[in-house]
Amino acid sequence: MAETERWDRVYASEPHLYTTEPNALLVQVAKSMACGQALDIGMGQGRNAVWLAARGWDVTGIDPSGEGVRQVETSGARVHALQRSAEEFDLGVEAWDLIAGIYVHGALLRIAERVIAALRPGGVLVVEGFHRDVMKLGIEGMTGGQLGYKTNALLRHFLPLRIERYEDCIALADWRRIEAPIVRMVARKPVSGATE
Ligand SMILES: C[S@@+](CC[C@H](N)C(=O)[O-])C[C@H]1O[C@@H](n2cnc3c(N)ncnc32)[C@H](O)[C@@H]1O
């Protein structure tokens, strides 16, 4: 709850802490696919969900932040915006062509098995977030030592998928546009009969 209140406050008082541009990796992957059904986990103020919807995707975005959901709803974008945490949302089975987890970290790992089940065969998971080393930068507001993916955590949690791309690098983060340790992953659910 404290986490949700924090995001409500951030979105109400610092609406442009994140870039308003959609995530570059998500854009690249989505442009290579035919439009289908997409789920944005932890959509925040909806920069990614709104972009996908504008390109013709049927998008559902979930976030426990009521303020984030409100901003998406009032934007007029055709996004099914739900005030729901990843843990309480029923992702379904083989329901999504594309699942995005952009700067959501622990919430995504906690539901990894359900994310894998929820992808359609051939469907793609796109993830970008901080590496845990970001805590070493001592940035104000990043406290508790818990933010970011531990080394190879994404690989371990999503190993049943085919990891098409994985990067552990220093790059410009979408958050505050700071240079930071970033992890990126594109992983596809194998279709039945695919080579192991
Ligand atoms: C760093 S923001 C990223 C927002 C958005 N994905 C983006 O890239 O602009 C993290 C978001 O995750 C949401 N979040 C936190 N815990 C969550 C959970 N358990 N399930 C789903 N979303 C969660 C927060 O409310 C917040 O909006």
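Report on the accompanying structure.

What counts and what doesn't
Residues numbered from 1 in each chain as written. Predicted model: local features only at pLDDT ≥ 70, side-chain atom pairs only at ≥ 80, totals over all residues. Buried ≥ 20, exposed ≤ 12 C-beta atoms within 10 Å, placed from the backbone. Helix = DSSP H or I, 4+ residues; strand = E, 2+ residues; numbered from the N terminus. Arc of directions from axis to C-beta. Contact = placed C-beta atoms within 7 Å. Axes fitted to C-alpha atoms, helices over the stretch in contact; angles between N-to-C directions. Parallel < 35°, antiparallel > 145°, perpendicular 65-115°, else oblique. Nonpolar A, V, L, I, M, F, W, Y, C, P; charged D, E, K, R; others polar. Near = placed C-beta within 6 Å. Core = buried A, V, L, I, M, F, W, Y, C linked by C-beta atoms within 7 Å. Pairing = 2+ DSSP bridges. Right-handed = clockwise from strand over helix to strand, strands pointing away.

It is worth spelling out helix H2 (residues 24-31) at this point. Among all positions in H2, only Leu25, Leu26 and Ala30 are buried. The arc that holds every buried residue of H2, seen down its axis, measures 125°, which confines them to one face. Looking at H2, the residues exposed on the side facing more than 90 degrees away from the buried face are Gln28 and Lys31. The secondary structure elements touched by the buried residues of H2 are helix H3 (47-54), strand S4 (96-102), strand S5 (119-130) and strand S7 (179-188).

At their nearest, the axes of helix H1 (residues 2-13) and helix H4 (residues 66-75) sit 7 Å apart, and the two run at 40° to each other. As judged from the angle between their axes, H1 and H4 are oblique. Between H1 and H4, the residues in contact are Trp7, Asp8, Tyr11 and Ala12 and Gly66, Glu67, Gly68 and Gln71, respectively. In terms of residue class, the contact of H1 with H4 is built from three nonpolar, three polar and two charged.

Turning to the site of the ligand, a few remarks are in order. Taken together, the neighbourhood of the ligand is formed by 23 residues, with Trp7, Gly42, Gly44, Ala86 and Ala107 sitting nearest. Listed by contribution, the elements that provide at least two residues to the shell around the ligand are H1 and H3. Examining the composition of the shell around the ligand, we find that three residues originate from one element, H1, more than from any other. Classifying every residue of the shell around the ligand gives eleven nonpolar, seven polar and five charged.

A few words now on the nonpolar core. Residues Ile99, Leu125 and Val126 are the most contacted members of the largest nonpolar core, which totals 49 residues. Excluding anything up to four places from it in sequence, Ile99 contacts Leu39, Ile41, Val115, Ala118, Leu119 and Leu125.

To continue, consider the pairing of strand S1 (residues 37-41). Burial analysis of S1 places four of its five residues in the buried class, the great majority of the element. Sheet topology note: the S1/strand S2 (residues 58-62) ladder contains five bridges and is parallel. Following the sheet pairing, Asp40 is matched in S2 by Gly61. Note on the crossover from S1 through H3 to S2: the handedness is right-handed.

On to H3, then. For H3, the buried fraction is high: seven of the eight residues fall into the buried class. Within the sequence span of H3, burial applies to Arg47, Asn48, Ala49, Val50, Trp51, Leu52 and Ala53. In the stretch just after H3, Gly56 is the one whose phi turns positive, near 110°.

It is worth stressing that arrangement in space is one thing and function is another; only the former is reported here.
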